[in-house]
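# Breakdown of the fold
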Amino acid sequence: MTPWTRWMQSRWVSAAVALTVSPTLAAPSDFAFSEGAAIQRVMATPAGDGGFAHALKQATAAVRPLPDDERAQALKQAAAQAAIKLAWYDPDANTPEEAKEKAWQKAVEVAPDDPTALISRSTAYYKLATSQGNGCGGTRTAEVQSNSAKLLELSIADLNAALKIAPLDHFTYRTRGQLEFILSSCPGYDFKTQMTKALSSYDEALKIDPSNDFYLQYRARLTYSLANNIFVNEPANTSEARKLLDRAVVDINRAYQIAPNGPVVQTEQRTKIWKDFLEKDAWTNFYANRARNYYENKKQPDLARPDYEEVAYLSPTDPAPAFRAGLMYLLLGDANRASVWYKEGLARTKAMKPEDSVKAIKTAVDDIAKIITERPDIRISGNVIIDDLNKK
């Protein structure tokens, strides 16, 4: 189970907490108590004992002392909870996820202006979109990915409706940001556009809860992803990528200052790990990703070469970028420069553990062996370098 799934599930299980977020939804203590009593009556009702109608009858008995307007609100909450309870007992549902979605549809019908019900139906849509082989990316069919995207859009729509009712619910902004991020991998959705939307949602969450280290960490990570995408795919906008990376570093440092051992979610990587990466390795990673894209995806060794060289300069102990820079020169027909970089890579392997050194050299040999089968013109120079590598 992924951390994201846990967060969504926790939102579904404890959705009633959402009612306390906005001051406009604040209730007198006697109402809060009666609402709780009504929900307790509902949850104590056996699922097979009269079903939804019986559960509401039990809830009604618990809220009789309240004024009419408060009784109506309490009953809406109790109805939503009854729908949750009955979710697993829908005989017409094909899957548990479908049962939950049907239950929350009922809850929203009963309480259309209740953010709890809307947020929970949003979660049900998300569950349907990402479970049972659904979702975007991978080997999924175009139809499956399209259906998943539609469900994610419905999920976001419910969150937007909930936010109109409870505009100070920072966690719902954060949840919307994650869904917008997930959509970035679906066909027909532009990565840059979706990431910009996701970041805007995190901006809203942080306006309400500016000291939330978890939100700051995630905004830093999403900002890094957007910066990386721009750096790799828009070489003319390198300065924009640099500015975004600088923003990510500011966010991660703020998160670290607030909670050096954070985040609270224990399944997530510590902020310290992301702080070290963004400050020390992110820029190098940009060049490595762009070089890989030029070489492996676009088959342009002439553009990949300077980026691999830059990575080699930025990572002076790593043999891999040195070997890759040599490979690019070999592909471009410059055996002398290729030899220089392969010798540099070999020198770097001397400081490695023996097993790591062997692995790095084998990868370099395999890379050359692969290309010389396709390029007879560089076979001789390639075999000379392979012999030198194998001697070590």
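What counts, and where the lines are drawn
- Residues numbered from 1 in each chain as written.
- Predicted model: local features only at pLDDT ≥ 70, side-chain atom pairs only at ≥ 80, totals over all residues.
- Heavy atoms only, no water.
- Helix = DSSP H or I, 4+ residues; strand = E, 2+ residues; numbered from the N terminus.
- Contact = heavy atoms within 4.5 Å.
- Axes fitted to C-alpha atoms, helices over the stretch in contact; angles between N-to-C directions.
- Parallel < 35°, antiparallel > 145°, perpendicular 65-115°, else oblique.
- Left-handed = near helix turned anticlockwise from the far one by under 90°.
- Nonpolar A, V, L, I, M, F, W, Y, C, P; charged D, E, K, R; others polar.
- Disulfide = S-S within 2.5 Å.
- Buried < 20%, exposed > 50% of the residue type's maximum accessible area, 1.4 Å probe, protein only.
- Expected span 1.5 Å × (residues − 1).
- Polar contact = N/O pair within 3.5 Å; in protein donor to acceptor, adjacent residues only side chain to side chain.
- Salt bridge = Lys/Arg side-chain N within 4 Å of Asp/Glu carboxyl O.
- Phe/Tyr/Trp six-rings, centres within 6.5 Å; stacked < 30°, edge-to-face > 60°.
- Lys NZ or Arg CZ within 6 Å of the ring centre and 35° of its normal.
- pLDDT = per-residue confidence, 0-100.
- Core = buried A, V, L, I, M, F, W, Y, C linked by side-chain atoms within 4.5 Å.

Looking at the element boundaries, S122 is found in helix 6 (residues 115–130). If sequence neighbours within four positions are ignored, S122 has contacts with S155, D158, L159 and L179.

Running from amino to carboxyl end, helix 13 (residues 301–314) crosses helix 15 (residues 335–349) at an angle of 30°, the nearest separation of the two axes being 13 Å. Considered as vectors, helix 13 and helix 15 are oriented roughly parallel to each other. Relative to helix 15, the crossing made by helix 13 is left-handed. Residues E309, A312 and Y313 of helix 13 form the contact with helix 15, whose own contacting residues are R337, W341 and R348. Residues of the contact of helix 13 with helix 15, tallied by class, amount to three nonpolar, no polar and three charged.

So, about the packing of helix 11 (residues 238–258) against helix 12 (residues 271–297). Taken N-terminus to C-terminus, the directions of helix 11 and helix 12 make an angle of 165°; their axes are 8 Å apart at the nearest point. The angle between helix 11 and helix 12 falls in the class roughly antiparallel. For helix 11 against helix 12, the interelement crossing comes out right-handed. Residues T238, A241, R242, L245, A248, V249, I252, N253, A255 and Y256 of helix 11 form the contact with helix 12, whose participating residues are T271, K272, W274, K275, L278, E279, A282, W283, F286 and R290. Counted by class, the contact of helix 11 with helix 12 contains twelve nonpolar, three polar and five charged residues.

A word on the state of the cysteines. Considering all chains together, one arrives at one disulfide under this definition. With its sulfur 2.0 Å from that of its partner, C136 forms a disulfide with C186. Handedness of the C136-C186 disulfide follows from its S-S torsion of about 90°: it is right-handed. With C136 in the loop between helix 6 and helix 7 (142–165) and C186 in the loop between helix 8 (170–183) and helix 9 (191–208), this residue pair connects regions lying 50 residues apart in the sequence. When its relative accessible area of 16% is taken as the criterion, C136 is described as buried.

Moving on to the environment of D113. With respect to the helices and strands, the residue D113 is situated in the loop between helix 5 (96–110) and helix 6. Spatially, the C-alpha atoms of D113 and A162 are 7.9 Å apart, while their sequence positions differ by 49 residues.

Between the first and last C-alpha of helix 10 (residues 213–233) there are 30 Å, a value that for 21 residues agrees with the 30 Å anticipated at 1.5 Å per step. Across the 21 residues of helix 10, 19 count as buried, placing the element largely inside the fold. Two or three places before F214, at the start of helix 10, stands the capping residue N212, its side-chain oxygen 3.0 Å from that residue's backbone nitrogen.

So, on to the pattern of salt bridges. This structure, assessed with the given rule, holds 18 salt bridges. The partner of R121 in a salt bridge is D158, with the nearest N and O atoms 2.7 Å apart. Here the residue R121 occupies a position in helix 6, and D158 occupies one in helix 7, the gap between them amounting to 37 residues. Residue R121 is classed as buried on the basis of its relative accessible area of 14%. D158 sits in the buried class, given a relative accessible area of 5%.

Before going further, it helps to examine the packing of aromatic side chains. Following the criterion strictly, the structure yields 14 aromatic pairs and no others. Between F231 and Y287, the aromatic rings sit 5.0 Å apart at their centres with planes inclined by 75°, giving edge-to-face as the arrangement. Here Y287 lies in helix 12 and F231 lies in helix 10, a separation of 56 residues in the sequence. Both residues of the pair, F231 and Y287, belong to the buried class. Each member of the aromatic cluster is reached from another via a ring pair, and the members are Y224, F231, W274, F277, W283, F286 and Y287. Positioned above the aromatic ring of W283, the side-chain terminus of R242 is 4.5 Å from the ring centre.

Here we take up the confidence of the model for the protein chain. Here the protein chain averages 82 in pLDDT, and 73% of its residues register 70 or above. No element of the protein chain has a lower mean pLDDT than helix 1 (residues 3–13), which averages 36, and none a higher one than helix 14 (residues 319–331), which averages 98. Counting contacts from residues 1–29, a segment whose pLDDT is below 50, to residues more than four positions away or on other chains yields 61 contacts.

Another point: the nonpolar core. Ranked by internal contacts, the top residues of the largest apolar core, which has 34 residues, are Y224 and L278. When contributions to this core are tallied by element, the ones reaching two or more residues are helix 9, helix 10, helix 11 and helix 12. Take this core: its biggest share by element is eleven residues, from helix 10. Non-local contacts of L278, meaning those with residues more than four positions away in its chain, are made with A220, Y224, L245, A248, V249 and I252. Of all hydrophobic cores here, the second largest spans 28 residues; its members include F323, A325, A338 and I361.

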